[in-house]
Protein chains: 2
Amino acid sequence: MSALLTELHSELPAEVITTDPDVMGGFAHDQAPWAEHGLPAAVVRPLTAQQVQATVLACLRTGTAIVPRGAGSGLSGGANALTGCVVISLDRMDRILEVDPLERLAVVQPGVVNDALRAAAAAHGLWYPPDPASSAWSTLGGNVATNAGGVCCVKYGVTGDYVLGLQVATGTGALVRLGRRTAKGVAGLDLTALMVGSEGTLGVITEVTVRLRPARAAERTVAGFFPSLVAAGRAVAAVAAAGITPSALELVDRRCLDAVDAWKNTGISSEAEALLLGRTDASGLEGEHEASTIVLCFEQAGATFAVQTSDPDEADALFAARRLALPALQRLGPVLTEDVCVPKAQLATMLALVGRAAERHDTTIATIAHAGDGNLHPLLLLRPGDPGATQRAQAAFDEIMAGALELGGTVTGEHGIGLLKRHGLRMELDPAVLEMQRAVKVALDPRGLLNPGKVLDG
Amino acid sequence: MSALLTELHSELPAEVITTDPDVMGGFAHDQAPWAEHGLPAAVVRPLTAQQVQATVLACLRTGTAIVPRGAGSGLSGGANALTGCVVISLDRMDRILEVDPLERLAVVQPGVVNDALRAAAAAHGLWYPPDPASSAWSTLGGNVATNAGGVCCVKYGVTGDYVLGLQVATGTGALVRLGRRTAKGVAGLDLTALMVGSEGTLGVITEVTVRLRPARAAERTVAGFFPSLVAAGRAVAAVAAAGITPSALELVDRRCLDAVDAWKNTGISSEAEALLLGRTDASGLEGEHEASTIVLCFEQAGATFAVQTSDPDEADALFAARRLALPALQRLGPVLTEDVCVPKAQLATMLALVGRAAERHDTTIATIAHAGDGNLHPLLLLRPGDPGATQRAQAAFDEIMAGALELGGTVTGEHGIGLLKRHGLRMELDPAVLEMQRAVKVALDPRGLLNPGKVLDG
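Residues numbered from 1 in each chain as written. Chains lettered and ligands numbered in written order. Predicted model: local features only at pLDDT ≥ 70, side-chain atom pairs only at ≥ 80, totals over all residues. Heavy atoms only, no water.

Looking only at helices and strands, chain A has 15 helices and 18 strands in total. Projecting the C-alpha coordinates of chain A onto the three principal axes gives extents of approximately 70 × 55 × 45 Å. Taking all 458 residues of chain A together, the buried fraction comes to 61%. For chain A, the exposed surface amounts to about 15,900 Å²; the carbon and sulfur share of it is 52%. Here chain A carries 36 positive and 49 negative side-chain charges, and the mean point of each set is 2 Å from the other. (Helix = DSSP H or I, 4+ residues; strand = E, 2+ residues; numbered from the N terminus. Buried < 20%, exposed > 50% of the residue type's maximum accessible area, 1.4 Å probe, protein only. Areas by Shrake-Rupley, 256 points an atom, 1.4 Å probe, with all protein chains shown as cover. Lys, Arg positive; Asp, Glu negative; His and termini not counted. Charge placed at Lys NZ, Arg CZ, Asp CG, Glu CD.)

Right under this line is the structure:
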């Protein structure tokens, strides 16, 4: 038995250690189609924070790389295994430890699924807003590690806006509490905020304390069909100019509509170049007013058709095109999801740029977008049986990142750097900032064993 | 001329360098009554980020400590000068560079006064929420460096919740941009969030990009007088339980009311043990409903009198006791402002604990509190001509911090550690967390010249 396995077995119950290659294969990568991954030496699925700490200590003693992992729903390769590493899968630490209605907070283990926390909060008349598309299976630990976004963050912010405190197994093998349970606090450097979005490179999250909000009013939904991307971009700007903050403002482009139509024969007009889906959760008369204002903004921006509803079933039907866009594409082959974010004013320009990249590199790219945030998810289709497809898609992928940066944007709005965007990170950040990032990484992970090679280069 | 002054004069126009001891005295400390301070070797008041960088580089070349400073409105000694240091005062970098209504952001120099930004935003129908009591003179750079709070953060969060990006002169003399202008972004470690609240120990802020919100509805104000602190605490819990998030929920205790009465003869009943002041900025019918619910919560919790108004003058009269509490105390001698924050459920217990500390250490302590956040500001009065007063107040100050920690709170909700609370920081944080903080400090300030001795010990 290797020194590593001897260490692990001496510290942990056998049932939390897996070395079966077939089983380990399921823990070796996330959802990024072309990011490399290796086979771990072991997968540990701890039941307690102390077992996480013991695993980290065993890895420190044997110089073994550690790859923490939630549900593996990431899209950038951030949870991909390195050959010979230990994957720490937090999926079994899935207990909701506390929901406190007075303090409006919850304390959860890292393996709690996003939707499960939302349901637990709802039972107390409370709400946990961050709603990544993966909410039915992604975990809080992973959401925090990637600072996950979602649909409602246009009004309610991202995961990091809700994180009050963390328990973390550190790069030196300590198990520490960062942050707080109080509404406010400024005692020392904000290491909690630093951990958020650090993709497992600074520590392994073993517990999360999040803020909750009171339950909100039922949403009203508005849909608008636009004859051009420019008109849709105008509509997004008009909604902002009207002083409204919608609780969702999503865009689905023509290629997505076509793919959904081809699959489901939904009758969604694919005459439109773009569909905008807005929501408001303002209550009562204000909600009615906001929904009507959004309709007006859509119409004045040139929508050929705009409609609103407060009926949940009708709203669901309107949002179907958004929900089905990705699976409709995935029917045709593996899909690589881009994630650039630009200033809202640049939305139409960025959409046009994506179209040109698709043409130039002969790649099918359909786009969904959190339009209200300027966050685009161009979906690059890797048609099977086309040997050059991946290379062409890679070129389009890079061109889209470069374009976003030129428009004052970022290479990643909510999916993170992982493996896929390390080149993008170097394009985005000043070398002096990269140096600062590396210095912080070395400070908190002096042995360099926490998710090595992710985000920052080795 | 010293090597330092030679360096400074070779890099900077003479008009930005001050060495006159009388003038420098005005830049040597903030508003913390008993924190030590020395006389700087020079005060530099740069006009550009490049001049800030040149000053940092001159200090790095000569091994000189750097103390950055905004308006000097801090209450923890964080901006206090060290003997022989260079104070970099950002007060002359006071231009609002941009207000973008579509992206809902502003870009400002660090010396812009908080209220000036609020006014500039209002001219575009927008709003910058963070509202520290010092908003009429404190600056954005200082607000960011201390992660300043205020009255409306019970609903709208603190300074850090609004910071999108920063330009910073670093501990190695680089001038870098951190963060972004887009609504979302997760490219690499969040060094922007790390800078927020770091009190000048990780860099000198030379530009700030903040989010703005749409202007809000006019506020309604509710006042309630309570016969006991426990009843006031019950009222705060009842408001939360009703699902309401007030836009302000402030507490003024009997000693404050007495001091205000003695000064202004306002007729505010000092029969009450506590006054609670609530506000709601929900619009229309919802606002009416929220205000009435707050009144009901106050009454059911035992208020002897509760009243609401939407008239700005009446509201102002009701808030007078809150606004005048600190100056009413300061008439009697120097005031040391505590800043503990506890879970909301512990508000009444913490208030009682403050009362006991005052008695035990024979110190007059009046308390105002951001009650909705559990953030208390016990005001410790240092009566002049009482030689033992400072020592007794120090003992009460420490006892209050220890009590807050025992109740699950923090030693500082919004004022920071500075010099005054370094002992409190050691009480609050696990030694392993302090080690992490020191490691990050060393990583970003390898020469140890950025505000040395503040927050973390040297």
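All names here are of chain A. With 14 residues, helix α15 (residues 431–444) should reach 20 Å at 1.5 Å per residue; the first-to-last C-alpha distance of 20 Å fits that figure. All of the buried residues along α15 are Val433, Leu434, Met436, Gln437, Val440, Lys441, Ala443 and Leu444. Where α15 begins, one side-chain oxygen reaches toward the backbone nitrogen of Ala432, 2.8 Å away; that side chain belongs to Asp430. (Expected span 1.5 Å × (residues − 1). Polar contact = N/O pair within 3.5 Å; in protein donor to acceptor, adjacent residues only side chain to side chain.)

Let us now look at the interface of chain B and chain A. At the junction of the two partners, chain B supplies 72 residues and chain A supplies 71 residues. Counting each side, the surface lost to burial between chain B and chain A is near 5,400 Å², with a carbon and sulfur contribution of 65%. The three residues of chain B that bury the most area against chain A are Lys184(B), Val186(B) and Leu189(B), which together make up 16% of that side's buried surface. We note a salt bridge from Lys184(A) to Asp373(B), for which the minimum N-O separation is 3.8 Å. (Contact = heavy atoms within 4.5 Å. Buried area = accessible area lost by both parts, 1.4 Å probe. Salt bridge = Lys/Arg side-chain N within 4 Å of Asp/Glu carboxyl O.)

Glancing now at helix α3 (residues 49–62) of chain B. Over its 14 residues, α3(B) runs 20 Å from end to end, which matches the ideal 20 Å to within 8%, given 1.5 Å per residue. Downstream of α3(B) by one or two residues, Gly63(B) has phi in the positive range, about 65°.

A word on the domain arrangement of chain A. All names here are of chain A. Looking at chain A, the domain boundaries give domain 1 (2–89), domain 2 (96–214), domain 3 (218–306) and domain 4 (333–442). For domain 3 and domain 4, the distance between their C-alpha centres works out to 24 Å. Tallying the contact residues gives 12 residues for domain 3 and 13 residues for domain 4. Carbon and sulfur atoms make up 69% of the area that domain 3 and domain 4 hide from each other, which totals about 1,100 Å². It is Leu229, Leu251 and Arg255 in domain 3 that bury the most area against domain 4; as a group they hold 42% of the surface buried on that side. On the surface where domain 3 and domain 4 come into contact, there are 0 salt bridges. Mapped onto the side of domain 3 that touches domain 4, the elements with two or more residues apiece are α8 (229–241), β13 (248–253) and α9 (254–264). Of the residues contributing to the side of domain 3 that touches domain 4, the split by class is 8 nonpolar, 1 polar and 3 charged. (Domains from an automatic or database assignment. Nonpolar A, V, L, I, M, F, W, Y, C, P; charged D, E, K, R; others polar.)

Residues and elements named next belong to chain B. Among the secondary structure elements, Asp398 is positioned in helix α13 (residues 389–406). On the basis of relative accessible area, Asp398 is assigned to the partly exposed category, the value being 26%. Along the primary structure Asp398 and Arg447 are separated by 49 residues, whereas in three dimensions their C-alpha atoms are 32 Å apart. Excluding residues within four positions of it along the chain, Asp398 makes contact with His423 and Met427.

Here we take up the sheet that holds strand β12 (residues 220–226) of chain B. All names here are of chain B. A sheet is described by the order of its strands in space; here 7 strands give the open sequence β15-β12-β14-β13-β17-β18-β16, paired in antiparallel fashion. Unpaired on one side and paired on the other, β15 (305–309) and β16 (335–337) mark the two borders of the sheet. Each strand of the sheet is rotated relative to its neighbour by a mean of 15°, with strand direction disregarded. Bridge analysis of strand β13 (residues 248–253) against strand β17 (residues 365–370) gives 2 bridges, and the strand direction is antiparallel. Among the inter-strand pairings, Leu251 is bridged to a residue of β17, identified as Ala369. This element, helix α8 (residues 229–241), spans β12, β13 and β14 (274–280) of the sheet and lies at about 15° to β14. With respect to the sheet, helix α12 (residues 347–360) is in contact with β13, β17 and β18 (375–381), its orientation differing from that of β18 by roughly 10°. (Pairing = 2+ DSSP bridges. Axes fitted to C-alpha atoms, helices over the stretch in contact; angles between N-to-C directions.)

The next subject is the packing of helix α12 (residues 347–360) of chain A against helix α13 (residues 389–406) of chain A. Residues and elements named next belong to chain A. α13 packs onto α12 with a crossing angle of 155° between their chain directions and a minimal axis gap of 9 Å. Judged by the inter-axis angle, α12 sits roughly antiparallel to α13. Between α12 and α13 lies a crossing of right-handed hand. Seen from α12, the contacting residues are Met350, Leu353, Val354, Ala357 and Arg360; seen from α13, they are Ala396, Glu399, Ile400, Gly403 and Ala404. (Parallel < 35°, antiparallel > 145°, perpendicular 65-115°, else oblique. Left-handed = near helix turned anticlockwise from the far one by under 90°.)

A few words now on the relation of the copies chain B and chain A. Once chain B has been moved 0.0 Å along the axis and rotated by 180°, it coincides with chain A to within an RMSD of 0.0 Å. Taken together, the rotation and translation describe the operation of a two-fold axis. The residues that chain B uses at the interface reappear at the interface of chain A in 99% of cases, marking a shared surface. (Least-squares fit on C-alpha atoms with pLDDT ≥ 70 in both.)

Let us look at the packing of aromatic side chains. Throughout the structure, instances matching the rule amount to 10 aromatic pairs over all chains. Centroid distance Trp127(B) to Tyr156(B): 4.7 Å. Interplanar angle 85°. Geometry classified as edge-to-face. One end of the pair, Trp127(B), is in strand β7 (residues 126–127); the other, Tyr156(B), is in helix α6 (residues 153–156), with 29 residues separating them in the sequence. In this pair, the class of Trp127(B) matches that of Tyr156(B), namely buried. Over the ring of Phe319(A) we find Arg279(A); its NZ or CZ atom is 3.7 Å from the centre of that ring. (Phe/Tyr/Trp six-rings, centres within 6.5 Å; stacked < 30°, edge-to-face > 60°. Lys NZ or Arg CZ within 6 Å of the ring centre and 35° of its normal.)

In this section: the pattern of salt bridges. Residues and elements named next belong to chain A. Taken as a whole and judged by the stated rule, the model has 52 salt bridges over all chains. The salt bridge partner of Asp281 is Lys155, with a shortest N-O separation of 2.8 Å. Placement of Asp281 in the loop between β14 (274–280) and α10 (284–300) and of Lys155 in helix α6 (residues 153–156) is noted, with a sequence separation of 126 residues between them. Classification of Asp281 as buried rests on a relative accessible area of 5%. With a closest N to O distance of 3.8 Å, Asp316 and Arg323 form a salt bridge. Assessed through its relative accessible area of 45%, Arg323 is described here as partly exposed.

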